[in-house]
Amino acid sequence: MPTAQPPSSPPRWTDRQGQYLAFIYDYTKVNRQPPAETDIARFFGLAPPSVHRMIVELVERGYLARTPGAARSLRVLVPRAELPELE
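Note that the structure is predicted; figures quoted are calculated from it, not measured. For every chain, the first residue of the written sequence is number 1, and numbering continues from 1 along that sequence. Reporting of local features is limited, given that this is a predicted model, to residues whose pLDDT is at least 70; pairs of side-chain atoms are given and counted only at 80 or more, and all residues count toward the totals for whole chains, interfaces and linings. As a rule here, side-chain values cover all heavy atoms of the structure and leave hydrogens and water aside.

On to the overall build of the protein chain. Tallying secondary structure elements over the protein chain gives three helices and two strands in all. Shown N-terminal to C-terminal, the secondary structure of the protein chain runs as helices and strands in the order α-α-α-β-β. Here a residue-residue contact requires only that any non-hydrogen atoms of the pair lie within 4.5 Å. A sequence separation of at least 24 residues applies to 55% of the contacts in the protein chain between residues at least 6 apart. For helices the rule is a DSSP run of H or I covering at least 4 residues; for strands it is a run of E covering at least 2, with both sets numbered from the N terminus onward.

This is how it looks when you write it as structure tokens:
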């Protein structure tokens, strides 16, 4: 069970960012390959450009890594124990 953050510390990411990270982690675990951005868009019911912007932001913040130009190369850099449950 994940440990709760102290009330005084701000969350590391927004709820939506946490859901993206949890989805990418869980999808990779189940499918043995990371999701494509279209898989993420379909799951969350969003347009692909919105998903792409979030992926770029998560990479910039150091929560995700990816190989530019390579398909399905997303890697979550946060331990699973720190991620929220996927809703």
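This part is about the packing of helix α1 (residues 15-31) against helix α3 (residues 48-60). Axes here refer to lines fitted to C-alpha atoms; in helices the fit is confined to the stretch in contact. Angles between the N-to-C directions go from 0 to 180 degrees. For the pair α1 and α3, the least separation of the axes is 11 Å and the interaxial angle reads 90°. As judged from the angle between their axes, α1 and α3 are roughly perpendicular. Residues R16, Q17, Y20, L21 and I24 of α1 touch α3, and the partners they reach there are S50, V51, M54, I55, E57 and L58. Angle categories: roughly parallel below 35 degrees, roughly antiparallel above 145, roughly perpendicular from 65 to 115, and oblique for all the rest.

In this section: α3. By this rule, a helix spans an expected 1.5 Å times one less than how many residues it contains. Over its 13 residues, α3 runs 18 Å from end to end, which matches the ideal 18 Å to within 8%, given 1.5 Å per residue. For each residue, the accessible area found with a 1.4 Å probe, counting protein chains only, is set against the maximum for its type, and the residue is called buried under 20%, exposed over 50%, and partly exposed in between. Within α3 the residues assigned to the buried category are V51, M54, I55 and L58. Projected onto a plane normal to the axis of α3, the buried residues spread over an arc of 100° and lie on a single side. The exposed residues of α3 that point more than 90 degrees off its buried face are R53 and E60. In this context, the arc is that of the directions from the helix axis out to the C-beta atoms.

Function cannot be inferred from these measures alone, as they are strictly geometric.
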